[in-house]
Amino acid sequence: MSSRMLVIVALAAVVSVSGSPIWAQGRGTPGPLPAGQTNDPFPQPIVRDQGVITVTLREFASLPDIAGVAARMMTLVEEPATRRLFVSDMRGPLYAVSADGKTVTPYLDISDPKWGVAVQSQGRERGMQSFVLHPQFAQAGTPGFGKLYTYTDTSNQTPAPDFTTPNASSTHDTVLLEWTAKTPGAATYDGGAPRELIRLRQPFANHNGGAIAFNSTARPGTADFGLLYIGIADGGSGGDPMTLAQNLGSAFGKIFRIDPLGRNGRGGKYGIPAANPFVSTAEALPEIFAYGVRNAQRFAWDARNGAMFMSDIGQNIVEEVSPVTVGANLGWNVWEGSFRFVSREAVITEAPRTDPKVTYPIVEWGQLDPVLLPNNSSASVGVVVYRSTTIPQLNGRLLFGDMPSGELFHVSADELPKGGQDPIRRVLFVTAAGAAPRTFLEIVQEKNRAQGKPIAARADLRFDANAAGQIFLLNKADGTIRVIER
């Protein structure tokens, strides 16, 4: 038996922190699969020791606990005019962090009862999913002055939804809100209640949203400037049971592109860009930019050529990072990565990547890969196209990660792979001169010990970059923001 097969057999006996084996947690069954199906479609594991890039990681700032529980950090955004950073906690607080990391100030708490948002933050997947500043946030006299956007799960289901599903019941809503600060440079938010742009009625408790972002390469006067991209997951449960991601008449399983300052969209609350691909397609939603998405976590644009990328969480077999173009079909739930989707237990190995109408991943990896142990789950997160000499060893690399294990990976941004996990290489961290390189999870666990907190079993990695080429790593276990240095 090969060493690869020995690893996979051993996985069946691995016990998770919850006390049940991997197979018992929906990752597959121990019995044989039909011919042509597999739960591990990549015959060679991710290379552990070749092509590793080592960087220095230092602590930058700390966010406060809430009721003794570490901040559940999700998104970091830089405000260009002041260089201060904004960082979100899934439970509702939004913090302003000075450019040197020495000052952390509560900026806005969207869970404050006076706003009426009623943030639903139970479990790992619900809460404030994402936020972003309008690119004109600090530019007085412009339409986007003072405006920021939050994408949030809420238990308040009183208002009628803009988009729903055929499911007979629902668990909560996800809302896109616009906030307008009177003085954007102020230490704390000084505006009024938010304006609701979009409300989605969620049929299940998981897959509740995703990323929102403006195209970082779009400049004033260009067609894409000020247009907001919204990742809408497939509605949850497992396997997209209502086949929403491929349905152009449904909002779920899509990437929307809207003009948040426009008024020709649904209810006059936002605008529909004329260049959206399905504006003239019967029965299709004009907000759709791309479809076939499962659970989009991050968007990124390459400053060199404007190319767009997305990290999308897989079902139980394949994680992926994919290119996104206007009108693209990313494949879900017909495909999971490069392979025909079957179920939580398997994909079909025959005839991968054979539909010319589907946009397949540039890189993907198997959830059972040994490098992801000791975690018993996997989720694609990222992505950053790094074009800076601030960290020279990362220049020209496309960075992405695995959320639970905290692994940070890299591939060439100039010679993009064409699927599979063979090109994937690791990024490891040193925290002191002469120290041995470590994983991000190991560093978080060391901090937990120093804090006297429970030792994290997973990293819940998120990361974002600023204009100066610094990369900041977030997690949900120790409240510490870290920055990558040379």
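All of the points below concern the structure found in this document.

Reading the values: rules and limits
- Residues numbered from 1 in each chain as written.
- Predicted model: local features only at pLDDT ≥ 70, side-chain atom pairs only at ≥ 80, totals over all residues.
- Heavy atoms only, no water.
- Helix = DSSP H or I, 4+ residues; strand = E, 2+ residues; numbered from the N terminus.
- Rg over C-alpha atoms; globule rule 2.2 N^0.38 Å.
- Buried < 20%, exposed > 50% of the residue type's maximum accessible area, 1.4 Å probe, protein only.
- Contact = heavy atoms within 4.5 Å.
- Areas by Shrake-Rupley, 256 points an atom, 1.4 Å probe, with all protein chains shown as cover.
- Lys, Arg positive; Asp, Glu negative; His and termini not counted.
- Charge placed at Lys NZ, Arg CZ, Asp CG, Glu CD.
- Core = buried A, V, L, I, M, F, W, Y, C linked by side-chain atoms within 4.5 Å.
- Phe/Tyr/Trp six-rings, centres within 6.5 Å; stacked < 30°, edge-to-face > 60°.
- Expected span 1.5 Å × (residues − 1).
- Polar contact = N/O pair within 3.5 Å; in protein donor to acceptor, adjacent residues only side chain to side chain.
- Salt bridge = Lys/Arg side-chain N within 4 Å of Asp/Glu carboxyl O.
- Pairing = 2+ DSSP bridges.

A look at the overall build of the protein chain
And step 1. Looking only at helices and strands, one finds two helices and 28 strands in the protein chain.
And step 2. Radius of gyration (C-alpha) of the protein chain: 21 Å, near the 23 Å computed for a compact globule of 486 residues.
And step 3. With the principal axes as the frame, the protein chain shows a C-alpha extent of 70 × 60 × 45 Å.
And step 4. Out of the 486 residues in the protein chain, the part that is buried amounts to 58%.
And step 5. In the protein chain, of all internal contacts separated by at least 6 residues, the share reaching a separation of at least 24 is 63%.
And step 6. Counting only carbon and sulfur atoms, one obtains 53% of the accessible surface of the protein chain, whose full area is about 18,200 Å².
And step 7. Of note, the protein chain has its 44 positive side-chain charges centred 3 Å away from the centre of its 44 negative side-chain charges.

As for the nonpolar core
Soluble globular proteins tend to bury their nonpolar side chains together.
And step 1. Ranked by internal contacts, the top residues of the largest apolar core, which has 27 residues, are L394, F429, I471, L473 and I484.
And step 2. Looking at this core, the elements with two or more residues in it are strand 2 (53-62), strand 22 (380-386), strand 25 (425-430), helix 2 (440-451) and strand 27 (471-474).
And step 3. In terms of residue count, helix 2 provides more of this core than any other element does, four residues in total.
And step 4. Beyond its immediate chain neighbours, meaning those up to four positions away, F429 contacts V55, L57, L408, A436, P437, R438, T439, F440, I443, L473 and I484.

Considering unusual backbone geometry
And step 1. W332 connects to N333 through a cis peptide bond whose omega is 5 degrees.
And step 2. With respect to the secondary-structure elements, N333 resides in the loop between strand 17 (318-324) and strand 18 (335-336).
And step 3. A cis amide bond links G382 to the next residue, V383, at an omega of 25 degrees.
And step 4. Counting through the fold element by element, V383 comes out in strand 22.
And step 5. In this structure, A118 takes a positive phi of about 55 degrees despite not being glycine.
And step 6. Among the structural elements, A118 can be located in the loop between strand 6 (104-109) and strand 7 (128-133).
And step 7. For A118, a relative accessible area of 32% gives the class partly exposed.

Notes on the packing of aromatic side chains
And step 1. Under the counting rule described, the total for this entry stands at 20 aromatic pairs.
And step 2. Centre to centre, the rings of Y107 and Y189 are 6.3 Å apart; their planes meet at 70 degrees, and the pair counts as edge-to-face. Here Y189 lies in the loop between strand 9 (172-180) and strand 10 (195-202) and Y107 lies in strand 6, a separation of 82 residues in the sequence. Here Y107 and Y189 have matching classes, each one buried.
And step 3. Members of the aromatic cluster, joined through ring pairs, are F86, Y107, W115, F137, W179 and Y189.

Considering the environment of G331
And step 1. Mapped onto the elements of the fold, G331 is located in the loop between strand 17 and strand 18.
And step 2. Counting along the chain gives 37 residues from G331 to R294, while the straight-line C-alpha distance between them is 9.1 Å.
And step 3. When residues no more than four places from it in sequence are discounted, the contact partners of G331 are Q246, Y291, G292 and V358.

Let's talk about helix 2
And step 1. For helix 2, spanning 12 residues, the distance from its first C-alpha to its last is 17 Å, which sits close to the expected 16 Å at 1.5 Å a residue.
And step 2. Within the sequence span of helix 2, burial applies to F440, L441, I443, V444, Q445 and N448.
And step 3. On its buried face, helix 2 sits against strand 2, strand 25, strand 27 and strand 28 (480-485).
And step 4. G452 sits one or two residues past helix 2 and shows a positive phi near 75 degrees.

Regarding the environment of S250
And step 1. As for its placement among the helices and strands, S250 is situated in the loop between strand 12 (228-232) and strand 13 (254-258).
And step 2. The residues touching S250, leaving out its near neighbours within four places in the chain, are L244, L285 and I288.
And step 3. A polar contact is formed between the side chain of S250 and the backbone nitrogen of F252, at a distance of 3.1 Å.

Overview of the pattern of salt bridges
And step 1. Under the criterion given, the structure shown has 23 salt bridges.
And step 2. One salt bridge connects R387 with D414, and the closest N-O pair in it is separated by 2.8 Å. Note that R387 is positioned in the loop between strand 22 and strand 23 (397-402) and D414 in the loop between strand 24 (408-412) and strand 25, a separation of 27 residues in sequence.
And step 3. Assessed through its relative accessible area of 23%, R387 is described here as partly exposed.
And step 4. Beyond isolated ion pairs, a larger network of salt bridges with shared partners links E59, K447, D478 and R482.

Here's the deal with the side chain of N333
And step 1. The class for N333 is buried, based on a relative accessible area of 13%.
And step 2. Separated by 2.9 Å, the side chain of N333 and the backbone oxygen of G239 make a polar contact.
And step 3. Sequence-distant contacts of N333, defined by excluding residues within four places in its chain, comprise G239, D240, T243, A245, Q246 and F341.

Some details on the pairing of strand 22
And step 1. Burial analysis of strand 22 places seven of its seven residues in the buried class, the great majority of the element.
And step 2. Pairing geometry for strand 22 and strand 23, over six bridges, is antiparallel. Pairing of G382 across the sheet is with F400, part of strand 23.

Observations concerning the pairing of strand 8 (residues 147-154)
And step 1. Burial within strand 8 is extensive, with eight of its eight residues counted as buried.
And step 2. As defined by bridge partners, strand 8 adjoins strand 9 across eight bridges and the pair is classed as antiparallel. When the bridges of strand 9 are listed, L148 appears paired with W179.

Focus on the side chain of N215
And step 1. Inspection of the secondary structure assignment puts N215 in the loop between strand 11 (212-214) and strand 12.
And step 2. For N215, a relative accessible area of 12% gives the class buried.
And step 3. In this structure the side chain of N215 is engaged in a polar contact, spanning 2.8 Å, whose partner is the side chain of D224.
And step 4. In contact with N215, other than residues within four places in its own chain, are D224, L227, Y229 and W301.

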